[in-house]
Amino acid sequence: MRQKFFVLGISALIITAVIYYYFNIGLLFMAILIALLVVGFANASQHKHTILRNFPVLGYFRYLFEMIAPEIQQYFIERSTDGKPFSRNERSLVYQRAKNIDSSTPFGTQLNLNQPHYEGIKHSIFPAIVNEELPRVLIGGSDCTQPYSASLLNISAMSFGSLSENAIVALNKGAQQGKFYHNTGEGGLTQFHQQGGDICWQIGTGYFGCRDDRGGFDGGRFTEKANLPEVKMIEIKLSQGAKPGHGGVLPAAKNTVQIAKIRGVLPHTTILSPPSHSAFQDIKGLIDFIAKLRELSNGKPIGFKLCIGDTREFEMICQEMITQNCFPDFITVDGAEGGTGAAPLEFADGVGMPFEPALIFVNKTLVRFGIRDKIRIICSGKIISGYSILRAVALGADICNSARGFMFSLGCIQALRCHNNTCPTGVATQDKMLMKGLVVPDKAERVYHFHKNTLHSANELLAAAGKNSFAEVDINIFMRGDEFAHLSDLYFPDNLKSVRKH
Ligand SMILES: Cc1cc2nc3c(=O)[nH]c(=O)nc-3n(C[C@H](O)[C@H](O)[C@H](O)COP(=O)(O)O)c2cc1C
């Protein structure tokens, strides 16, 4: 191709030069040809990019198409029911609820319900009356002196750094309006979180916001912030579904001077939080740390977040709680399908237990150890609709968190650019220009409406199942497609025989 390029290019240049000589036209074309030949020569002689070396000018189209592939996929190829991680239908549902406009669907379902993976709610022929009040759950065991009444749906952990300043402010203002909590994420509690909304302060392995000069936990700094009135709960982050066993990642492109100052790190460098905590080294240490944070925060609810890996470790944690007679007020279970600002692909695709089995396991294990009544289970993993809330409660959750659902309510279009600072909607970027597009008062309203309308839909489903409270919900209100096969077997065992002609 290289040879062809130069043969064709130089021939075209000679012809153009002759035309120009005789007819005095084609100067611009000649200039373009010369520029292309110079670029082509530079590309053909470089040693880094094979495609450009072999296709000195056409090679650029590959990079162009690769750059716009996600947009082409989303705008021209994607159908309503596909699109990953969230389908177009799922995203639209959040947008409509956030805008507080009609979110009903026309003409009927687009899903294939007649398959073994179908799941549906067993509605009652005597539906209950829909509760207009949004559900709340009290968090705080016997050692907690400042229990907190949490909404059934809240904003899951996402740091300032991962999200923009405007996104954090809009989330917190929405939380204030809707009376639900906003988890800070492991990046620390900042002034952008302090807009009047309730806060769950997350403490990750980097201890941002309560960090000593060597990067360890600083009890004094913790005490100062933990006792702020807006901090309602404190969550120790052990792991997160998208990258369990790997510390937090703040890419260099998003580590601005402002963020570096808040976190106490060097700006414009990639910040990798350690995979494990330095404040404790084993399970006994974890339980001691819970007791310590409870004391320093003057009895606020303390919990930990994890993605389930080795199930024996979780059982050992339960055993240790009983031995020390010290229990967290809540455990947040994150499914392996959870989101992130940035994670290594191997961790996102192949580490940790998915949401459904993890939630069932944690609930059953706490019941088996006889400590379920002492601990609230919070869960996260693609919860964006009333249906997903009801399903989570049926699987054992007391409270739900949503991260990407609230990102959609802020206008996120699933551009998949959270990691390189080019998020076009200003949600997951530190680029001031892009961030300006996210207008805080408008988006705070959307956050508020998404929360309210989603919980209202959960209330409607609850009533359709004939139930008056989420405490009455268990897995028996769901049916699965594979049950139909048994029903068919039961009622029509000789189905095939009966349609025979002879
Ligand atoms: C942009 C982004 C940043 C996140 N940052 C954190 C974090 O700082 N700490 C954490 O525990 N989880 C973090 N998560 C994970 C979420 O809190 C949540 O557990 C996970 O995305 C599953 O919820 P979802 O399916 O509703 O997104 C982040 C997720 C996203 C999308």
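Residues numbered from 1 in each chain as written. Predicted model: local features only at pLDDT ≥ 70, side-chain atom pairs only at ≥ 80, totals over all residues.

An unreviewed UniProt entry annotates the protein as Glutamate synthase domain-containing protein 2 originating from Flavobacterium sinopsychrotolerans.

**A short note on the overall build of the protein**
Which entries qualify depends on this criterion: A helix here means a DSSP run of H or I that spans at least four residues, while a strand means a run of E at least two residues long, and both kinds are numbered starting from the N terminus. We call two residues in contact whenever the C-beta atoms placed from their backbones are within 7 Å.
Check the secondary structure of the protein and you find 18 helices and 14 strands. Excluding contacts between residues fewer than 6 apart, the proportion of contacts in the protein whose partners are at least 24 apart in sequence is 68%.

**Observations concerning unusual backbone geometry**
A negative phi angle characterises most non-glycine residues, just as the trans form characterises most peptide bonds. The cut-off we apply is this: Burial is judged by counting other C-beta atoms within 10 Å of a residue's own C-beta: 20 or more means buried, 12 or fewer means exposed, and anything between counts as partly exposed, with every C-beta placed from the backbone.
Between lysine 84 and the following residue, proline 85, the backbone shows a cis peptide bond with an omega angle of 0°. Along the polypeptide, proline 85 turns up in the loop between α4 (59-77) and α5 (88-99). A positive phi angle, close to 60°, is found at lysine 382, a residue other than glycine. Note that lysine 382 resides in the loop between β12 (376-380) and α13 (386-395). Overall, lysine 382 belongs to the buried group, with 21 C-beta atoms counted inside 10 Å.

**Thoughts on helix α9 (residues 283-296)**
One turn of the α-helix equals 3.6 residues, which is why residues spaced by three or four share an orientation. Just so we agree on the cut-off: Every helix has an expected span of 1.5 Å times one less than the residues it contains. Directions drawn from the helix axis to the C-beta atoms are what define this arc.
When the terminal C-alpha atoms of α9 are compared, their 20 Å separation across 14 residues agrees well with the 20 Å that a helix rising 1.5 Å per residue should span. By the burial criterion, the buried members of α9 are Ile287, Ile290, Leu293 and Arg294. Taken end-on, α9 shows its buried residues confined to a sector of 120°, consistent with a single buried face. On its buried side, α9 packs onto β7 (231-237), β10 (302-306) and α10 (311-324). Phi turns positive, to about 60°, at asparagine 298, one or two residues after α9.

**Re the domain arrangement of the protein**
Applicable threshold: How far each domain reaches was decided by an automatic or database domain assignment.
According to the domain assignment, the protein contains domain 1 (2-77) and domain 2 (121-474). Taken over C-alpha atoms, the centre of domain 1 sits 51 Å from the centre of domain 2.

**Examining the environment of threonine 269**
Note that threonine 269 resides in the loop between α8 (257-263) and β9 (271-272). For threonine 269, a count of 12 C-beta atoms within 10 Å translates into the label exposed. For the pair threonine 269 and leucine 455, spaced 186 residues apart in the sequence, the C-alpha separation amounts to 40 Å. Beyond its immediate chain neighbours, meaning those up to four positions away, threonine 269 contacts Ala252 and Asn255.

**Some thoughts on the environment of phenylalanine 314**
Tracing the chain through its elements places phenylalanine 314 in helix α10. Measuring from C-alpha to C-alpha, the distance between phenylalanine 314 and alanine 170 comes to 36 Å, with 144 residues separating the pair along the chain. Those residues in contact with phenylalanine 314 that sit more than four places away from it in its chain are Ile308, Val362 and Thr365.

**Description of the environment of isoleucine 322**
Note that isoleucine 322 resides in helix α10. A sequence separation of 48 residues divides isoleucine 322 from glycine 370, and the C-alpha atoms of the two residues are 9.4 Å apart.

**A closer look at the packing of helix α6 (residues 165-178) against helix α16 (residues 440-464)**
The following threshold applies: Where helices are involved, their axes are fitted lines through C-alpha atoms of the stretch in contact, as for all axes, and angles between N-to-C directions lie from 0 to 180°. Comment on the angle field: the value is read as roughly parallel under 35 degrees, roughly antiparallel over 145, roughly perpendicular from 65 to 115, and oblique elsewhere. Note: crossing handedness is left-handed where the near helix turns anticlockwise from the far helix by less than a right angle, and right-handed where it turns clockwise. Ten residue types, Ala, Val, Leu, Ile, Met, Phe, Trp, Tyr, Cys and Pro, are classed as nonpolar, four, Asp, Glu, Lys and Arg, as charged, and the remainder, Gly among them, as polar.
Closest axis-to-axis distance for the α6/α16 pair is 7 Å, and the angle between their directions is 50°. In this view, α6 runs oblique relative to α16, as classed from their interaxial angle. For the pair α6 and α16, the sense of crossing is right-handed. Contacts from Asn166, Val169, Ala170, Leu171, Lys173, Gly174, Gln177 and Gly178 in α6 reach Val440, Lys443, Ala444, Val447, Tyr448, His451 and Lys452 in α16. Split by residue class, the contact of α6 with α16 holds seven nonpolar, five polar and three charged.

**Digging into α10**
Helix length check: α10, at 14 residues, gives a terminal C-alpha distance of 20 Å against a target of 20 Å (1.5 Å per residue), a fit within 8%. Taken together, the buried positions of α10 are Phe314, Ile317, Cys318 and Met321. The buried residues of α10 occupy an angular sector of 95° when the element is viewed end-on, so they sit on one face. Among the exposed residues of α10, those pointing more than 90 degrees away from its buried face are Arg312, Glu313, Gln319 and Thr323. On its buried face, α10 is in contact with α9 and α12 (355-368). Asparagine 325 sits one or two positions beyond α10 and adopts a positive phi of about 50°.

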